[in-house]
Amino acid sequence: MMERAERILVTACVEPDGGLSRHTLEAFGAGAALAGALGGAPLDCGLVGADTAGAARRLAALGAERILAAEGAHFAQARYATDAAAIEALARSSAATIVLAPATARLSRVMAGVAHRLEGRIDAHASGLGAEQGRPVLARWYYRKRMEARLEREVRPWVISLDPGIAPAWEGPPGDAPVERVAIPPESLATRTEVVGDHAPEGGTETIRPDARLLFVAGAGWTKAQADGRVRLDEAQSTILEFLRVSGASLGGSKSIVDLGSEGHSVLPFMTHLNQIGQTGQTPRHPLGLATCCHGEEPHAVGWRFIGERRAINLDPNCGWAQGKADILYVADAFVVMAKINELMRR
Ligand SMILES: Cc1cc2nc3c(=O)[nH]c(=O)nc-3n(C[C@H](O)[C@H](O)[C@H](O)COP(=O)(O)OP(=O)(O)OC[C@H]3O[C@@H](n4cnc5c(N)ncnc54)[C@H](O)[C@@H]3O)c2cc1C
């Protein structure tokens, strides 16, 4: 394969408060690391938002040659036409050969269209990024996370969206950072779409906390008849919610507990498919994980591959977690243990 001089652009949307999300800072971290791995390839930042000055200050020490911005009221809200026009203009101004973006909901909508406009190619949801023999290489899951491929491409620009948690978030001192405002063709700003507000899916999102230290997983056992022959859903619900409140943990679920809700059984109303961990769910990256009333079957435990330390509470000493999938298995009643933990944390 041909070796070439690469130029990297990391594009990002500024948050409504003028800051940059953790996922976005990870993309900047990944971009800076790739520039270093390519022997000091030039790096640009491309910011989209109502006001980009604060975000540019935050990135002052990143080592970018240029900080480009598509700035103004048009870019405050997610909207395909304006976001795609903005990022296309930033990429053209940078003349980058590699265009990186965090795979946020907002940018995932537009990056494929941007790649098409630039006559480039896109690979979405990269799970790793690096260089081998001076060439950029990305990693990506296939077949429901059972295989990881390493990809190179000849076509440029190469647009790549990055999944969260694949690189450390960029950290550096803020400073003065000159911003070059890029002109956006006025016809792109004549939009027909008016953004009237946000609608979040019910339940799941406010319990999903990627930045939490602990992932707390609830399995279907919480909804099953217990030793006294009773199903104790109300108690399960209040125990889990109290633990989430006092600990700030992120909530995960097994496929069984998540599916029960959609099959019409009464379950935990705050548990949605967004919470599902595993082969057909999420693969989060919390430093600690605690599974409760969850068997630890392989299709579930595979979603724990990036959890730093894994613990589980299960009544069954022969459950899946005991087969080398957890660092510590507490053979105990999770109703009792979690009530005790809540009591201790309340104190
Ligand atoms: C193709 C495919 C993809 C799949 N993808 C996923 C996936 O992405 N995610 C996923 O989770 N699953 C997935 N599954 C399903 C997976 O194989 C399991 O069926 C599922 O994880 C089981 O969920 P569970 O452990 O919550 O329920 P169960 O298997 O019913 O286990 C409940 C556990 O709770 C324990 N328990 C009950 N009461 C208590 C108590 N008081 N205290 C402590 N422990 C208690 C029991 O001992 C039991 O071990 C997939 C399966 C297939 C075939």
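Heads up: the structure comes first, above all this text.
My aim in this report is to walk through the structure given alongside it, one point at a time.

Cut-offs and rules
Residues numbered from 1 in each chain as written. Predicted model: local features only at pLDDT ≥ 70, side-chain atom pairs only at ≥ 80, totals over all residues. Helix = DSSP H or I, 4+ residues; strand = E, 2+ residues; numbered from the N terminus. Buried ≥ 20, exposed ≤ 12 C-beta atoms within 10 Å, placed from the backbone. Contact = placed C-beta atoms within 7 Å. Near = placed C-beta within 6 Å. Nonpolar A, V, L, I, M, F, W, Y, C, P; charged D, E, K, R; others polar. Pairing = 2+ DSSP bridges. Axes fitted to C-alpha atoms, helices over the stretch in contact; angles between N-to-C directions. Core = buried A, V, L, I, M, F, W, Y, C linked by C-beta atoms within 7 Å. Parallel < 35°, antiparallel > 145°, perpendicular 65-115°, else oblique. Left-handed = near helix turned anticlockwise from the far one by under 90°.

Further remarks concern the overall build of the chain. Helix and strand counts for the chain stand at nine helices and 15 strands. Across its three principal axes, the chain shows a C-alpha extent of roughly 70 × 45 × 40 Å. Per-residue burial over the chain gives 41% buried out of 347 residues. Taking the contacts inside the chain whose residues are at least 6 apart along the sequence as the reference set, 69% of them involve residues at least 24 apart.

Okay, the site of the ligand next. Taken together, 30 residues surround the ligand, and among them G219, G221, S254, K255 and G278 come closest. Contributions of two or more residues to the shell around the ligand are made by α7 (255-262), α8 (298-301), β14 (309-314) and α9 (334-346). Broken down by element, the shell around the ligand gets its largest block of residues, three residues, from α7. Among the residues making up the shell around the ligand, the classes are represented as 11 nonpolar, 14 polar and five charged.

Moving on, we get to the sheet that holds β14. Strand order across the open sheet formed by five strands is β12-β11-β13-β14-β15, with parallel pairing between neighbours. Sheet topology places β12 (250-253) and β15 (328-331) at the edges, where each strand pairs with a single neighbour. In this sheet, neighbouring strand axes are inclined to one another by 20 degrees on average, regardless of whether the strands run parallel or antiparallel. Bridge count for strand β11 (residues 214-218) against strand β13 (residues 288-292) is five bridges, and the pairing is parallel. If you follow V217 over to β13, its bridge partner there is A291.

Before going further, it helps to spend a moment on the nonpolar core. Judged by nonpolar contacts, the single largest core of 59 residues is most densely connected at I8 and L100. If you tally residues by element for this core, the top one is helix α1 (residues 22-37), at seven residues. Ignoring anything within four residues of it in the chain, the contact list for I8 reads G31, L34, A35, A41, L43, A96, I98 and L100. Among the nonpolar cores identified, the runner-up in size contains 33 residues, and V217, A218, W222 and F243 belong to it.

Helix-helix packing is described using two parameters, namely the angle between the two axes and the distance between the axes. At a minimum axis distance of 10 Å, the contact between helix α6 (residues 233-247) and α9 shows a crossing angle of 40 degrees. The pairing of α6 with α9 is recorded here as oblique in orientation. The two elements α6 and α9 meet at a crossing, and its hand is left-handed. Here α6 contributes E235, T239, E242, F243, V246 and S247 to the contact with α9, which in turn contributes F335, M338, A339, I341, N342, M345 and R346. Its residues assigned to classes, the contact of α6 with α9 comprises seven nonpolar, three polar and three charged.

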